[in-house]
Structures are given as structure tokens and as C-alpha cells.
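Chain and residue survey
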Amino acid sequence: MGHVGEEFGLVFAGALQLIGAIFQLDLYAVELHVLAIHGIALFGEDLGLLGQLLVGLLQLRLLGFQVGLGFLEDARLLFQLFVGGLEFFLLHLQFFIELLGLGQHFLQTLAVACRFDGGADIAGDQLQQLYIALFQGDAGSPVR
């Protein structure tokens, strides 16, 4: 009878081992599912990191574009300074022309006032006398 109890014990232990193996297989299946879920999570993290890398590259490109616009802004400011200098030069020329016009009016007024005072325009008189002498001299010459 002792052998029978041992055999029942061995059979019972074998059954327990079989049940343990079945549970172990179920655990392997569960672990397989957990590993699959971890793989999917790691793949999602990789996609997230790839997206962050792409965003970083786009930000770098945008920064380069902004630097390029900064250089264009500097060129625009330099051109604006050049144009402002030219406008300032043109204003000086216009002021100079106005001063010349004012001087011309002043000198004309002075010449008219001198004529009324009995003064003569010496240069004008000299040119007139030269003109008269040239044409009167030609009228009296025998070459005609």
C-alpha cells in the first residue's frame, strides 16, 4: 500500500507539473503579448524621436532663412541710407539753385538801380561798341 501512495503521489506530482507547464505556457503567451506591446511602444517612441528630429531640422532651416532675411534687411537699410544721402544731396542742389536765383534777382535789381542812378553797364556798353565798330567798319570798307 505504501507503493500505491507513492505512485499516487508521483501521479499527482506529475499532474501538478503538467498544470504548471500549462500555466507556464500561458505565461509565455502573456509575456509574448507584453513583449509585442513593448515593441509597439518602442516603435512609437522611435517615431516620436524621428518627428522631433524632423521638427529640429525644420527649425534649423527656418533659422537659416531668418538669417538670410537679416542679411537682406541689412542690405535694405544700406540702400535706404544711400537713397537718403542722394535725396539730401538733391535738396542741397535745390537750395543752391534757389540761392543762385536770389542772387540773380538781387544783381538784376542792383543793375536796374544803377541805370536809374545814371551808372552805365560797362561790360554791356563795351560789347555794344565792339559790335557797332565791327559792322560799321564793314559798311565803310571797299571790299564789298
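The rules behind the values
Residues numbered from 1 in each chain as written. Predicted model: local features only at pLDDT ≥ 70, side-chain atom pairs only at ≥ 80, totals over all residues. Heavy atoms only, no water. Helix = DSSP H or I, 4+ residues; strand = E, 2+ residues; numbered from the N terminus. Buried < 20%, exposed > 50% of the residue type's maximum accessible area, 1.4 Å probe, protein only. Areas by Shrake-Rupley, 256 points an atom, 1.4 Å probe, with all protein chains shown as cover. Patch = residues over 30% accessible without salt bridge, like charges linked within 9 Å, V, L, I, M, F, W, Y side chains within 5 Å. Salt bridge = Lys/Arg side-chain N within 4 Å of Asp/Glu carboxyl O.

Glancing now at the overall build of the protein chain. Along its length, the protein chain carries 2 helices and 0 strands. In the protein chain, which comprises 144 residues, the proportion classed as buried is 1%. Summed over its atoms, the accessible surface of the protein chain is roughly 13,400 Å², and 74% of this surface lies on carbon and sulfur atoms.

On the surface, F43, L47, L50, L53, L57, L60, L63, V67 and F71 cluster together to form a nonpolar patch covering roughly 960 Å² of accessible area. With respect to the helices and strands, the residue V67 is situated in helix α1 (residues 2-116).

We now examine the pattern of salt bridges. Under the criterion given, the structure shown has 1 salt bridge. The shortest N-O distance in the salt bridge between R76 and E73 comes to 2.5 Å. Taken together, the positions of R76 and E73, both in helix α1 and 3 residues apart, correspond to about one turn of that helix. Residue class for R76 comes out partly exposed when judged on its relative accessible area of 43%.

Fair warning: the whole summary comes from geometry, so function is off the table for now.
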